[in-house]
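Inside the fold
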Amino acid sequence: MSKKYTYYPGCSSEGSGSHLDISLRAIAPKLGVELEDLNDWNCCGASVTHVEAGALPTAALSARNLANAQKQGNAEVVTSCAACYLKTHQTNEKVRDKPGFKDKINEALGAAGMSYDGELHVRHACEVIVNDVGLDKVREQVTKPLTGLKVAPYVGCQTVRPFAGTDRGGEYDTYDDPEFLDDFIEACGAEAVEYDAKTACCGGAVSLMSPDKTLGLMKKILDEAKEKQADVIATPCPLCQQNVEMYQAQVNEKFGTDHNIPVVFYSQLMAVAFGMDPDKDGCLDRNTISADVVKQKAGG
Amino acid sequence: MTAPLPESNGKKYDLGFARWVYENVDGGDKLSMCMQCGACSGSCPIGTEMDHGPRKLFMMIRAGMKEDVLKSNTMFNCTSCYNCVVRCPRKVPVTYILQDLGRVAQRLGYAEAKETDNARFAKAFFWSTRKFGRTDERLFSAKYYLSFGVGEAIKMAKANMPVARSLMKAKRMHLGMPHKIKGVKELNAILDKAEEIEKREQGV
């Protein structure tokens with residue numbers, strides 16, 4: 001039995017984070033999750049547009065997506081991107097709870113003959129796996145356990161902050177020490193190392209605009225993974241994945257370190273552990289630092 | 001709401017500014033709850049890059065130090081990690097306040113604000129949002145680099161070449177025409193209206 005969700009892939013799915021999108025779409029049917037693409041989705045503004053556009057126009061970006069999702073009919077919108085989750089959830093919550101906000105946002109949407117009533121639920125793909133799919137179902141799908149693979153569970157920020165609670169007020173995880181990623185890793189037969197940098201910040205968009213300011217933040221994340229002898233770092237966030245992977249050379253140059261550790265998505269680990277094609281489905285060929293160690297451990 | 005930002009007329013401490021922030025900045029209504037404990041500044045991953053941590057900046061707002069607040073780089077160094085938001089014992093939405101204050105400083109034309117990397121980056125990013133409805137990672141990056149002038153842009157692009165090449169090789173850079181949504185016109189009508197409402201409400 002499967003459940004249908006409206007899926008909001010987000011802009012990174014068309015570029016730097018394509019390996020998250022492809023691997024998630026690959027594992028979803030195995031988990032009983034049917035993803036129906038959000039019609040004509042637009043950018044959420046991420047943690048960027050507010051400085052230029054302001055809070056309300058930034059919220060209006062999410063509101064258009066929510067209005068389109070409402071027309072589409074599924075009760076739940078799911079996204080795999082941390083920023084898309086934060087912005088969409090935030091706008092949804094404001095429409096529902098902030099006095100006067102719904103009227104303002106509908107006045108803006110009205111300029112295109114659209115409206116949104118605030119009734120949808122916005123969810124993160126990881127939260128759907130935790131609460132709707134369940135870890136047992138993940139374990140059942142594993143045919144090639146990633147035995148002996150040591151993984152640093154790097155959750156990052158916006159997957160759990162500030163919305164670690166579901167928008168129904170239920171349980172998802174905690175802000176500072178979330179455990180869902182450890183659980184995913186272990187369900188795949190790999191070992192999740194103790195990792196204090198779990199929710200440390202990679203610098204987010206500041207790393208893209210001024211990496212000099214944030215290389216030290218990424219160093220901390222990499223140093224601990226190395227100290228804990230992790231083979232790979234796993235993350236749910238497309239920006240964390242990109243930053244921590246692509247800035248390793250610059251971290252090494254600045255601090256004299258020798259980091260060269262692959263950074264993968266949890267969904268890539270699952271695709272490989274589920275016995276799917278490690279490149280076509282698991283997208284391991286889309287990592288710029290070779291993540292073939294995942295392939296080598298699979299089924300071993 | 002809807003009060004225009006009052007003129008300070010050279011006053012270093014202008015309580016009219018404090019009141020305006022409480023009433024008009026996103027999350028500002030919670031600012032008076034701040035008890036100056038410093039959990040925000042202590043939790044900030046990038047506080048060392050800020051000329052004032054959030055705790056101090058909030059005290060400066062309360063004291064009405066309009067010029068010092070709006071010339072501060074604090075808002076533009078925030079990484080939006082939301083550590084401060086979830087840790088604040090008084091539930092002050094620190095990140096939201098900083099984000100919106102950054103826009104206010106920019107809109108009021110403070111050079112200190114407009115020339116930050118963050119303001120340039122946001123401008124390039126939002127250009128892509130309006131033009132295509134989506135973020136084109138290549139084009140907005142190029143636009144961001146160009147905001148520093150052609151010479152600097154070439155230097156930045158060159159420095160970024162190894163990363164760009166590896167992303168291209170890994171099929172993680174979109175090549176070809178930008179992805180464009182069908183409803184670009186509709187999206188822009190919504191954004192224009194939202195900007196008009198924000199201006200009406202906030203006065204800037």
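Since we're looking at a predicted model, the values are computed, not measured.

Reading guide: rules and limits
- Counting from 1, residues in each chain are numbered in the order their sequence is written.
- Chains and ligands are labelled by the order in which they are written, letters from A for the one and numbers from 1 for the other.
- Local features in this predicted model are restricted to residues whose pLDDT is 70 or higher, and side-chain atom pairs enter the listing and the counts only when it is 80 or higher, whereas totals over whole chains, interfaces and linings include all residues.
- Once C-beta atoms have been placed from the backbone, residue pairs whose C-beta atoms lie within 7 Å are recorded as contacts.
- Helix and strand assignments come from DSSP, with helices taken as H or I runs of at least 4 residues and strands as E runs of at least 2, each series counted from the N terminus.
- Each residue gets one of three labels, nonpolar for Ala, Val, Leu, Ile, Met, Phe, Trp, Tyr, Cys and Pro, charged for Asp, Glu, Lys and Arg, and polar for the others, Gly among them.
- Bear in mind that the domain bounds are from an automatic or database domain assignment.
- Lines are fitted to the C-alpha atoms to define the axes, a helix being fitted only along its stretch in contact, and any angle between axes, read from their N-to-C directions, falls within 0 to 180 degrees.
- For any pair of crossing helices, the crossing counts as left-handed if the nearer helix is rotated counterclockwise from the farther one by less than a right angle, and right-handed if it is rotated clockwise.
- Remark: C-beta atoms are placed from the backbone, and a residue is labelled buried if 20 or more other C-beta atoms sit within 10 Å of its own, exposed if 12 or fewer do, or partly exposed between those counts.
- DSSP bridges decide pairing: two strands pair if at least two such bridges lie between them.
- Each helix should span, by expectation, one fewer than its residue count multiplied by 1.5 Å.
- Defined on buried residues, the nonpolar core groups Ala, Val, Leu, Ile, Met, Phe, Trp, Tyr and Cys residues joined through C-beta atoms within 7 Å.

1. Side note on the interface of chain A and chain B
The interface of chain A with chain B comprises 50 residues on the first partner and 54 residues on the second. Within the residue set of the side of chain A that touches chain B, elements represented by two or more residues are α1 (18-27), α2 (50-53), α3 (55-72), α5 (101-110), α9 (204-209) and α10 (211-227) of chain A. Here the residues of the side of chain A that touches chain B sort into 24 nonpolar, 17 polar and nine charged.

2. As for the domain arrangement of chain A
Residues and elements named next belong to chain A. Domain annotation of chain A identifies domain 1 (3-125) and domain 2 (135-297). The straight-line distance from the C-alpha centre of domain 1 to that of domain 2 is 24 Å. Listed as interface residues are 29 residues of domain 1 and, on the opposing side, 29 residues of domain 2. Those elements that provide at least two residues to the side of domain 1 that touches domain 2 are α1, α4 (82-97) and β4 (121-124). Ranked by residues supplied to the side of domain 1 that touches domain 2, first place goes to α1 with eight residues. Residues of the side of domain 1 that touches domain 2, tallied by class, amount to 14 nonpolar, twelve polar and three charged.

3. Thoughts on the packing of α3 of chain A against helix α12 (residues 184-202) of chain B
Here α3 of chain A crosses α12 of chain B at 145°, and the two axes come no closer than 8 Å. In this structure, α3 of chain A crosses over α12 of chain B, and the sense of that crossing is right-handed. Seen from α3 of chain A, the contacting residues are Leu56, Pro57, Ala60 and Arg64 of chain A; seen from α12 of chain B, they are Leu187, Ile190, Leu191, Ala194, Glu195, Ile197 and Glu198 of chain B. When the residues that make up the contact of α3 of chain A with α12 of chain B are grouped by side-chain class, the tally is eight nonpolar, no polar and three charged.

4. Observations regarding the environment of glutamine 99 of chain B
Mapped onto the fold, glutamine 99 of chain B is located in helix α7 (residues 94-107). Among the residues examined, glutamine 99 of chain B registers 25 C-beta atoms within 10 Å and is labelled buried. Note: C-alpha distance between glutamine 99 of chain B and glutamine 36 of chain B (63 residues apart in sequence) is 20 Å. Look past the residues within four positions of glutamine 99 of chain B in its chain and what remains in contact with it is His50 and Val51 of chain A together with Cys78 of chain B.

5. Some points on the sheet that holds strand β3 (residues 76-79) of chain A
Residues and elements named next belong to chain A. Here four strands make up an open sheet; going across it, the order is β2-β1-β3-β4 and the pairing parallel. Unpaired on one side and paired on the other, β2 (33-37) and β4 mark the two borders of the sheet. Adjacent strand axes in the sheet meet at a mean angle of 40° when their direction is disregarded.

6. Points about α10 of chain A
Because an α-helix completes one turn every 3.6 residues, residues spaced three or four positions apart along the sequence face the same direction. All names here are of chain A. Between its first and last C-alpha, α10 extends 23 Å over 17 residues, near the 24 Å set by a 1.5 Å rise per residue. Within α10, the full set of buried residues consists of Thr214, Leu217, Met218, Ile221, Leu222, Glu224 and Ala225. The inward-facing, buried residues of α10 contact β5 (150-153), α9, β7 (232-235), α11 (238-246) and α12 (248-255). A positive backbone phi angle near 60° is found at glutamine 229, which sits one or two residues after α10.

7. Side note on the sheet that holds strand β6 (residues 191-192) of chain A
Residues and elements named next belong to chain A. Across the sheet, four strands lie side by side as β6-β5-β7-β8; this open sheet has parallel pairing. The two strands at the open ends of the sheet, each matched to only one other strand, are β6 and β8 (263-265). Taken together, the three bridges between β7 and β8 define a ladder with parallel strand orientation. Each bridged residue has a counterpart across the sheet, and for isoleucine 233 the counterpart in β8 is valine 263. Across the sheet, α11 lies against β7 and β8, angled at about 165° from β8, the strand it touches most.

8. A word on the environment of threonine 95 of chain B
Residues and elements named next belong to chain B. Summarising the element assignment, threonine 95 is placed in helix α7. Taking the C-alpha atoms as reference points, threonine 95 and proline 54, separated by 41 residues in sequence, lie 9.1 Å from one another. If near-sequence neighbours (up to four positions away) are discounted, threonine 95 is found in contact with Cys78, Ser80, Tyr82, Cys84 and Val85.

9. Topic: the nonpolar core
Generally speaking, a soluble globular protein has its nonpolar side chains buried in company with each other. Residues and elements named next belong to chain A. Core analysis: the largest hydrophobic core is formed by 157 residues, its most contacted members being Ala60, Ala234, Leu269 and Val294. In terms of residue count, α3 provides more of this core than any other element does, nine residues in total. Other than its neighbours up to four places away in sequence, alanine 234 contacts Val151, Pro153, Tyr154, Leu181, Ile185, Val264, Phe265, Tyr266 and Leu269.

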